[in-house]
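Breakdown of the fold
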Amino acid sequence: NAGVTQTPKFQVLKTGQSMTLQCAQDMNHEYMSWYRQDPGMGLRLIHYSVGAGITDQGEVPNGYNVSRSTTEDFPLRLLSAAPSQTSVYFCASRGFSTDTQYFGPGTRLTVL
Amino acid sequence: GDSVTQMEGPVTLSEEAFLTINCTYTATGYPSLFWYVQYPGEGLQLLLKATKADDKGSNKGFEATYRKETTSFHLEKGSVQVSDSAVYFCALTDPRRGGSEKLVFGKGTKLTVNP
C-alpha cells in the first residue's frame, strides 16, 4: 500500500493563479481531510469528506474548494491564490472503524 | 470550542535525558487524545493515543496517560535518542461531535536531541 499520496511536493504560484493539490489514498478509507500547517499555528482543518459525494467545511475553508467523486481521491482547489495561502498542506484519511488519521507527506505551496 | 494547549518549544535535550512535553485540553464532550510526530521533511505519524480516562497510550518508549481530572495528556519518555528529534503535536477529537476527521491540534513542540 502506498497509503496517502500527495502531488506536487512543492509549488510556487503567482497571486491570482489557480491550481489543484492532489490527494489519493489506497486504503479504501471513507473519511478524508485537508489541513494547512503554518508556523506557530499547528494544523488547521480546511475541508473534509465523509464519503464520495459528501464534503463539508472545516475551520478555515475560505479560498478553497473540494469535491469527492471517488473514494480514493480528494483534490483541493485554489481558485485565485493569495499570499495568505502560502503554507504546507496535508491530506489525511481514516477508515470508518478507527479514529486514527493517516497523513500524506505534504505539499509546500508558496504564493508570490 | 475544543482546544489543545501544549508547552512552547523548542526543547533541547541531551541523549538519554528524560522528556516531558505538557499538553492540556478543553473539550465539552469526551474526546479521544492523540500524540502525532512529524520528522523533518515528512508528514505526521500517529505516535500514540488514548480514548478514555485513565487509559495509557504507549509506543516506541513514549507514554501518555489520559487524565480527565486535570484535562491533561502529557507525553513522556525516559531516555531520548537523537532519532527522536522531531516536532510533536498533541491533538484531540470528539467522536460524538462531527466525527474523528475533525482533529484539533496544539501548536506543536519542536524537540532537538543532541548526542
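Read on for an overview of the structure. Keep in mind it's a predicted model, so treat the numbers as computed, not measured. (Residues numbered from 1 in each chain as written. Chains lettered and ligands numbered in written order. Predicted model: local features only at pLDDT ≥ 70, side-chain atom pairs only at ≥ 80, totals over all residues. Heavy atoms only, no water.)

All names here are of chain B. Strand order across the open sheet formed by 4 strands is 3-9-8-7, with antiparallel pairing between neighbours. The outermost strands of the open sheet, each flanked by one partner alone, are strand 3 (19-21) and strand 7 (56-59). Direction aside, the axes of adjacent strands within the sheet are offset by 15° on average. Judged from the 4 bridges that link them, strand 7 and strand 8 (residues 62-65) form a sheet pairing that is antiparallel. By the bridge assignment, Lys56 is partnered in strand 8 with Thr65. (Pairing = 2+ DSSP bridges. Helix = DSSP H or I, 4+ residues; strand = E, 2+ residues; numbered from the N terminus. Axes fitted to C-alpha atoms, helices over the stretch in contact; angles between N-to-C directions.)

We now examine the side chain of Arg68 of chain A. Residues and elements named next belong to chain A. Among the secondary structure elements, Arg68 is positioned in the loop between strand 7 (64-66) and strand 8 (76-78). There is no salt bridge for the buried Arg68, and the closest opposite charge comes from Glu30, which lies 7.3 Å off by N-O distance. A distance of 3.2 Å separates the side chain of Arg68 from the backbone oxygen of His29, its partner in a polar contact. (Buried < 20%, exposed > 50% of the residue type's maximum accessible area, 1.4 Å probe, protein only. Lys, Arg positive; Asp, Glu negative; His and termini not counted. Salt bridge = Lys/Arg side-chain N within 4 Å of Asp/Glu carboxyl O. Polar contact = N/O pair within 3.5 Å; in protein donor to acceptor, adjacent residues only side chain to side chain.)

Here we come to the pairing of strand 5 (residues 32-38) of chain B. Residues and elements named next belong to chain B. Most of strand 5 is tucked away, with 7 of its 7 residues classed as buried. Taking every second residue as pointing to the same face, both faces of strand 5 are buried, with Ser32, Phe34, Tyr36 and Gln38 on one and Leu33, Trp35 and Val37 on the other. Bridge count between strand 5 and strand 10 (residues 86-93): 7 bridges; the pairing is antiparallel. When the bridges of strand 10 are listed, Ser32 appears paired with Thr93. Pairing between strand 5 and strand 6 (residues 44-50): 6 bridges, direction antiparallel. Within strand 6, the residue paired with Val37 across the bridge is Gln45. In sequence, strand 5 turns back onto strand 6 through a hairpin of 5 residues, with Gly41 there showing a positive phi of about 75°.

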